[in-house]
Amino acid sequence: MEFSIIDYFVIIIYLVGVAYLGLKSSGKQTSNKDYFLGGDGIPWWAVLFSIVATETSTLTFISIPAVAYGGNLTFLQITVGYVIGRILVAFFFLPKYYEGELFTAYTFLERRFGAAMRNAASSTFMITRLLADGVRLFATAIPLAIILRIGGAFSGWGDLELYILSISVITVITLIYTFFGGIKAVVWMDFVQMIVYIGGAFIAIGVLFGNMPAGFELSAEKIKMVNLGFDMSFREFIAEPYTIVTAIVGGAVFSLASHGTDQLLVQRVLATRSLKSGQKAMIWSGIVAMLQFALFLGIGLLLFMFYEGMSAAEMGLATTDEIFAKFIVEELPVGVSGLIVAALFAAAMSSLSSSLNSLASSTTYDLYKPYFGKENTEAEDLSMSRKITMGWGVILTVSAIFFAVLQLQGGERPAIVELGLGIASYTYGGLLGAFLLGMFFDKPDKTDAIIGFFCGLIALLFMVQGPVQNILPGDGLAIAWPLYTLVGSLIVVLTGLASSFIR
């Protein structure tokens, strides 16, 4: 089979429909409160689905099947930690955020430690989102680039040129409703788009089951869900991301940081305008996310059986992340391929729109208004917020193109979901440590917090697989990406407390 004109038509109709529905659902925007917090509040169940759609998006749709295709099901251990972390966020972090009116998560740090700490945390959030969401946007371009390559209309283009075109198309469509509609448009379209891409996943599963080759069976290692890791040395144990202790503890701390300190997700909960509603949205999002990870890991195993364990290179693909996209455009019936690719766009745009809106809100309230917009009217603030949203759209496009160049250089690369989560895990340690220091310890002041914050970020450079590790004498001490946040936050808290004691 091949991608037909009907499939292209389905995608175009979907993209136009998304832009239209996004604008219709936004209502009238008259102030930044409307634009970033949804005015009087958004139902908790809509926020729940928006959280899940935002955090998983195309990385789940494309790269989680690749994780199972190239490995097994031990990634599921991390999702147990995700649920535990969100329960802790709901009962320990959210009550702090609802004490007074907060527009970003980092307002709390300003009240506790002053403007310098807020600026440091907000800037770190922006850098994290710039890199991690650049990876997500690149992931979304994979199926569109494959479609363009197979379709023949762009046969003279190289892989990089196809990725640049794909990334640009996705960003422009998403910017249309995010620019005008604000958080309401983002949340309601997240809800619609999650239904679309989950439906698409079930259609793909049905087709896989109906076309499974006879006689090919999965090994016991392939369906393994628990890895104790007790037979490893200490150095190996802390470097392996999918042992049960590392996965659950690391996943819980990662979720504590991502859902408790990251404006991308905290903004969703604040939009409910009620502590109880926010807590329900937060806890249930962990359970739904766990089920969703299981669904897409299962797709990865079915793809492994369908292609009888062939490697990406044997199938003429650049990376393992392209395998599900290959199946979608080559194996699904006419019209269904277009629907599934539309589902991929749904996943992508839900994540990208959320990133754009949260980056704009943090830039506006943490960096712009305190210094340049104190005397602005509500109309002037809203106009500036939209301009900042547009600026972040351009910046994220450039970031995605950078990761496309990096991933297409050849050689062994991690699945893009691991790359994205690893980037976020690195900076989350500093953010979580600063919040813990401010929430649970009275004596540390702004100097102690800033010292601890930057010590945590710098120390991790010597513990992750990267440029600094490569220049250290000997083997160094490398830790698995789920532990970045745990180790980073511990260093921030202990250093801050030590600084407070010494001073």
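Everything here concerns the structure above.
All of the points below concern the structure found in this document. Here the structure is a predicted model, which is why all the values come from computation and not from measurement.

### A few points about the overall build of the chain
- Across its full length, the chain holds 18 helices and zero strands.
- A buried classification covers 59% of the 503 residues belonging to the chain.
- Restricting to contacts in the chain with at least 6 residues of sequence separation, those with at least 24 account for 85%.
- When the accessible surface of the chain is split by element, carbon and sulfur atoms take 68% of a total near 19200 Å².

### A word on the environment of Gly-278
- Tracing the chain through its elements places Gly-278 in helix 11 (residues 275–306).
- Take Gly-278: its relative accessible area is 0%, and that puts it in the buried class.
- In sequence terms Gly-278 and Trp-44 are 234 residues apart; their C-alpha atoms lie 6.4 Å from each other.
- Apart from the residues within four sequence positions on either side, Gly-278 is in contact with Leu-94, Tyr-98, Val-269 and Thr-272.

### Points about the side chain of Thr-272
- Locating Thr-272 in the fold gives a position in the loop between helix 10 (263–270) and helix 11.
- Judged by its relative accessible area of 7%, Thr-272 falls in the buried class.

### A look at unusual backbone geometry
- In this structure, Glu-308 takes a positive phi of about 50° despite not being glycine.
- Structurally, Glu-308 can be placed in the loop between helix 11 and helix 12 (323–331).
- What makes Glu-308 partly exposed here is its relative accessible area of 49%.

### As for the pattern of salt bridges
- Taken as a whole, this structure holds three salt bridges when the rule is applied.
- Between Arg-118 and Asp-366 there is a salt bridge, and its shortest N-O distance comes to 2.4 Å. Placement of Arg-118 in helix 6 (residues 115–151) and of Asp-366 in helix 13 (residues 336–372) is noted, with a sequence separation of 248 residues between them.
- The class of Arg-118 is buried, set by a relative accessible area of 7%.
- One network of salt bridges, in which partners are shared, links Glu-110, Arg-118 and Asp-366.

### A closer look at the packing of aromatic side chains
- Applying the stated criterion across every chain, the model contains 15 aromatic pairs.
- Where Tyr-82 meets Phe-254, the ring centres are 6.0 Å apart and the plane angle is 35°; that geometry is what we call tilted. Separated by 172 residues along the polypeptide, Tyr-82 in helix 4 (residues 76–97) and Phe-254 in helix 9 (residues 244–261) bring together distant segments of the chain. Accessibility classification places Tyr-82 together with Phe-254 in one group, the buried group.
- Connected via pairs of aromatic rings, a cluster forms that spans Phe-75, Tyr-82, Phe-254, Phe-293 and Tyr-428.
- Its guanidinium or amino end placed over the ring of Phe-304, Lys-222 lies 4.0 Å from that ring's centre, counting from NZ or CZ.

### Here we look at the packing of helix 16 (residues 446–460) against helix 18 (residues 484–502)
- Between helix 16 and helix 18, the shortest axis-to-axis distance is 7 Å and the interhelical angle comes to 145°. Helix-helix and strand crossings are classified by hand; for helix 16 and helix 18 the assignment is right-handed. Contacts between helix 16 and helix 18 involve Asp-448, Ile-451, Gly-452, Phe-453, Cys-455, Gly-456, Ala-459 and Leu-460 from the former and Tyr-484, Val-487, Gly-488, Ile-491, Val-492, Thr-495, Gly-496, Ser-499 and Ser-500 from the latter.
- Counted by class, the contact of helix 16 with helix 18 contains nine nonpolar, seven polar and one charged residues.

### Quick look at the environment of Gly-298
- Turning to its location among the elements, Gly-298 is positioned in helix 11.
- What makes Gly-298 partly exposed here is its relative accessible area of 26%.
- In this structure, the C-alpha to C-alpha distance between Gly-298 and Ile-64, residues 234 residues apart in sequence, is 9.2 Å.

Conventions we followed
Residues numbered from 1 in each chain as written. Predicted model: local features only at pLDDT ≥ 70, side-chain atom pairs only at ≥ 80, totals over all residues. Heavy atoms only, no water. Helix = DSSP H or I, 4+ residues; strand = E, 2+ residues; numbered from the N terminus. Buried < 20%, exposed > 50% of the residue type's maximum accessible area, 1.4 Å probe, protein only. Contact = heavy atoms within 4.5 Å. Areas by Shrake-Rupley, 256 points an atom, 1.4 Å probe, with all protein chains shown as cover. Salt bridge = Lys/Arg side-chain N within 4 Å of Asp/Glu carboxyl O. Phe/Tyr/Trp six-rings, centres within 6.5 Å; stacked < 30°, edge-to-face > 60°. Lys NZ or Arg CZ within 6 Å of the ring centre and 35° of its normal. Axes fitted to C-alpha atoms, helices over the stretch in contact; angles between N-to-C directions. Left-handed = near helix turned anticlockwise from the far one by under 90°. Nonpolar A, V, L, I, M, F, W, Y, C, P; charged D, E, K, R; others polar.

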